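What follows is the residue order along each chain.
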Amino acid sequence: MNLPNLLTALRLALTPVIVYLIVRHDLRSAVLVTFIAGISDAFDGYLARRLQVTSRLGAYLDPIADKVMLVAVYLALGAVEAFPAWLVWLVLGRDVLILLMAIAGWLLFRFRDFPPSKYGKISTFLQMMAAGTALMAGAFPLPAFTALVTPFILGAAAGTILSGAHYVWLALSRVRARI
């Protein structure tokens, strides 16, 4: 275990704290803890490269920690009705679809690598922006924040649909190339 992997583990450990704070409607504390988790995300990859301690564990754990935190935050924001249920189901459904495709690809074709696509990264960014904006609007109900929630929700939805379709296209392309 190295420092970057410890930072990733910290992010995983902070996830239930963030969910608890959101469900308790302590959104200002949730914003603070989410910010700390975000800082850990920014530094783990940087430190791994800078200290030359990249690892296979870190390569797998980092995106898992990101996804677990994002999905957990979406579920919590849905539970407190800060997000519409359809958005929560859309994000969760896309992630389940990708997971099922990855499992099927591994079991049926022995595909071992499932790299993120540029659309997946854009989708994740838009989902994070929507979650962050919703948290900020709840914690600090200023017009500048509340006016951005709906556009970011729509952007996250569009990005989620686009990236989901792109992942399906990539999976089908890989299978066709193999057959």
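Conventions adopted
Residues numbered from 1 in each chain as written. Predicted model: local features only at pLDDT ≥ 70, side-chain atom pairs only at ≥ 80, totals over all residues. Heavy atoms only, no water. Helix = DSSP H or I, 4+ residues; strand = E, 2+ residues; numbered from the N terminus. Rg over C-alpha atoms; globule rule 2.2 N^0.38 Å. Buried < 20%, exposed > 50% of the residue type's maximum accessible area, 1.4 Å probe, protein only. Contact = heavy atoms within 4.5 Å. Areas by Shrake-Rupley, 256 points an atom, 1.4 Å probe, with all protein chains shown as cover. Salt bridge = Lys/Arg side-chain N within 4 Å of Asp/Glu carboxyl O. Axes fitted to C-alpha atoms, helices over the stretch in contact; angles between N-to-C directions. Parallel < 35°, antiparallel > 145°, perpendicular 65-115°, else oblique. Left-handed = near helix turned anticlockwise from the far one by under 90°. Nonpolar A, V, L, I, M, F, W, Y, C, P; charged D, E, K, R; others polar. Patch = residues over 30% accessible without salt bridge, like charges linked within 9 Å, V, L, I, M, F, W, Y side chains within 5 Å. 1 Å grid on protein atoms, 1.4 Å probe; cavity = no way out; pocket = protein on both sides within 12 Å on 5 of 7 lines; lining within 4 Å. Points joined across faces, edges and corners; volume = space filled by probe spheres on them.

Tell me about the overall build of the chain, and name the residues and values.
Each helix and strand in the chain was counted, giving six helices and zero strands. A compact globule built from 179 residues should have a C-alpha radius of gyration of about 16 Å, and the chain, at 17 Å, falls within 12% of that. Based on the C-alpha atoms only, the size of the chain along its principal axes is roughly 55 × 40 × 25 Å. Buried residues in the chain amount to 35% of all 179 residues. Across the chain, the fraction of contacts at a sequence separation of at least 24, relative to all contacts at a separation of at least 6, is 76%. Taken as a whole, the chain presents about 10,500 Å² of accessible surface, with 73% of it coming from carbon and sulfur.

Summarise the pattern of salt bridges; cite the residues concerned and give the values.
As a working rule, side chains carrying opposite charge can pair if their charged atoms are close by. Within the structure shown, the criterion is met by six salt bridges. Arg-94 serves as the salt-bridge partner of Asp-95, at 2.9 Å between the closest nitrogen and oxygen. The class of Asp-95 is buried, set by a relative accessible area of 12%.

Describe the packing of helix α1 (residues 3-23) against helix α2 (residues 27-50), listing the residues and the values that go with them.
The N-to-C vectors of α1 and α2 enclose an angle of 165°; their axes lie 9 Å apart at closest approach. Comparing the axis directions of α1 and α2 gives the class roughly antiparallel. Crossing of α1 against α2: the hand is left-handed. For the contact of α1 with α2, the residue count by class is 17 nonpolar, four polar and three charged.

Which residues make up a nonpolar patch on the surface, and what values go with them?
Taken together, the side chains of Val-96, Leu-99, Leu-100, Ile-103, Trp-106, Leu-107, Leu-108 and Phe-114 make up a nonpolar region of the molecular surface, amounting to roughly 790 Å² of accessible area. Among the structural elements, Phe-114 can be located in the loop between α4 (85-109) and α5 (118-139). Assessed through its relative accessible area of 41%, Phe-114 is described here as partly exposed.

Account for the environment of Ala-144, naming residues and giving values.
With respect to the helices, strands and loops of the structure, Ala-144 is situated in helix α6 (residues 143-178). The exposure class of Ala-144 is exposed, given its relative accessible area of 54%. Sequence separation of Ala-144 and Ala-13 is 131 residues, and the distance between their C-alpha atoms is 31 Å.

If you had to explain the layout of surface pockets to someone new, which residues and values would you point to?
For the largest pocket, the calculated volume is near 1,500 Å³. For the largest pocket, the lining is made up of 39 residues, of which Pro-63, Ile-98, Phe-114, Pro-116 and Tyr-167 are closest to its centre. For the lining of the largest pocket, the secondary-structure elements that each account for two or more residues are α3 (56-79), α4, α5 and α6. Sort the elements by how many residues they give to the lining of the largest pocket and α4 lands first, with eleven residues. Looking at the lining of the largest pocket residue by residue, the classes come out as 26 nonpolar, four polar and nine charged. For the second largest pocket, the calculated volume is near 410 Å³. Lining the second largest pocket we find 17 residues, and of these Thr-34, Gly-38, Met-69, Met-128 and Gly-132 sit closest to its centre. Those elements that place two or more of their residues in the lining of the second largest pocket are α2, α3 and α5. For the lining of the second largest pocket, the element with the highest residue contribution is α5, accounting for seven residues.

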